[in-house]
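# Residue-level structural notes
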Amino acid sequence: MENTKEKKVGFVLEGGGHRGIYTAGVLDVFLEEHIQADGVIGVSAGAIHGASYVSGQKGRSVRYTTKYCTDKRYMGIGSLLKTGDYFNVDFCYHKLPDELDPYDNNALENSPVAFFVTCTDVKTGKAVYKQCRTLRGEGMNWMLASASMPLVSRIVRIDGQELLDGGIADSIPLKAFEDMGYNKNIVVLTQTKGYQKKKNPMMPLIKLMYAKYPDFIKASAERHIIYNKTLSIIEEKQKKGEIFVIQPSVELGVSRIESDPQKIQDLYDLGRKDALEKLSALREFLKTEPIDTKN
């Protein structure tokens, strides 16, 4: 009997601060090669670069990151001390996308691709998955919340919710996207194969700073356990051909707050290289019958 189950292609994009520029390289190849998603879900930097994919703005992410990563208006201790955010909110989420390197909101609003960002609710410690149909106004606040790293960012408040970095509750939201019906998923990771997350050495400070939020503290303490379990699930699904994974083929030593433009460019180039090398296998994966994620 013919399988008539609808194929819904999803991109699941891990975060990682400036390590996420790897994902931007992968996505730019997807734009060039017309690899089309039905939905994109990103965490932190994954959401930021996923937004440029949905708006079709190839090259935008690496252009502004390499241009402004050494700019004190963009990020730094000065911004943290002055505003409470290491990445300056006014510059990164308003001046840059509105004026300096404009984000194409019209393209996002008219795109057939559903775009989701992942945040962590600090009151519950649970992930929040928000579909953003625009990044105007409050839409940009959801993006900000997804990328607001604990300890170096202020809590973002939207509609009574208090939100921070989506990676705390769900660093790689594959199951969430499967539950939404996306059954042909391409997972882009920002760590090399074999990576295992370790317990957060900043837990004493997290317990101090977020004493009002015991569930957030618990989620932070368990993050490495959940993350490593998710990697095991991803590896098993990859072996079965149920998902397609792209991740850095080599470790380039780029940090979350990397300020060396050449290192950022090199990691972007690696993302492009790895995507191009996997392009044939990816096209083959997309041609196969969709996986029934309910079984």
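The paragraphs below set out a description of the structure included in this document. (Residues numbered from 1 in each chain as written. Predicted model: local features only at pLDDT ≥ 70, side-chain atom pairs only at ≥ 80, totals over all residues. Heavy atoms only, no water.)

## Focus: the pairing of strand S6 (residues 161-165)
By the criterion of burial, S6 is predominantly enclosed, with four of the five residues buried. Where strand S3 (residues 114-121) lies against S6, three bridges are found, and the strand directions are antiparallel. Residue pairing across strands places Cys-119 opposite Asp-165, the latter belonging to S6. Bridge analysis of strand S5 (residues 156-158) against S6 gives three bridges, and the strand direction is antiparallel. Considered in S6, the bridge of Ile-158 is made with Gln-161. Hairpin connection, S5 to S6: the antiparallel pair is bridged by two residues, and Asp-159 has positive phi, about 50°. (Buried < 20%, exposed > 50% of the residue type's maximum accessible area, 1.4 Å probe, protein only. Helix = DSSP H or I, 4+ residues; strand = E, 2+ residues; numbered from the N terminus. Pairing = 2+ DSSP bridges.)

## Quick look at the packing of aromatic side chains
Under the counting rule described, the total for this entry stands at eleven aromatic pairs. Judged by centre distance (5.2 Å) and plane angle (50°), the rings of Phe-11 and Phe-30 are tilted. Residue Phe-11 is found in strand S1 (residues 9-13), and its partner Phe-30 is found in helix H1 (residues 21-32); the two are separated by 19 residues along the sequence. Exposure remark for Phe-11: the relative accessible area of 1% places this residue in the buried category. Site record: aromatic cluster; members linked through ring pairs are Tyr-68, Tyr-74, Tyr-86, Phe-87 and Phe-91. Between the NZ or CZ atom of Lys-8 and the centre of the ring of Tyr-182, over which it lies, the distance is 4.2 Å. If you follow Lys-197 out to its NZ or CZ, it ends over the ring of Tyr-227, 4.7 Å from the centre. (Phe/Tyr/Trp six-rings, centres within 6.5 Å; stacked < 30°, edge-to-face > 60°. Lys NZ or Arg CZ within 6 Å of the ring centre and 35° of its normal.)

## Let's talk about the nonpolar core
Residues Phe-11, Phe-30, Val-40, Tyr-74, Phe-115, Met-143 and Ile-186 are the most contacted members of the largest nonpolar core, which totals 63 residues. Among the elements that make up this core, the one with the highest residue count is H1 (seven residues). Excluding its chain neighbours within four sequence positions, the residues that come into contact with Phe-115 are Val-40, Ala-47, Gly-50, Ala-51, Val-54, Leu-108, Lys-130, Gln-131, Cys-132 and Met-143. Counting 15 residues, the second-largest nonpolar core is a separate cluster that includes Leu-174, Phe-177, Tyr-182 and Val-187. (Core = buried A, V, L, I, M, F, W, Y, C linked by side-chain atoms within 4.5 Å. Contact = heavy atoms within 4.5 Å.)

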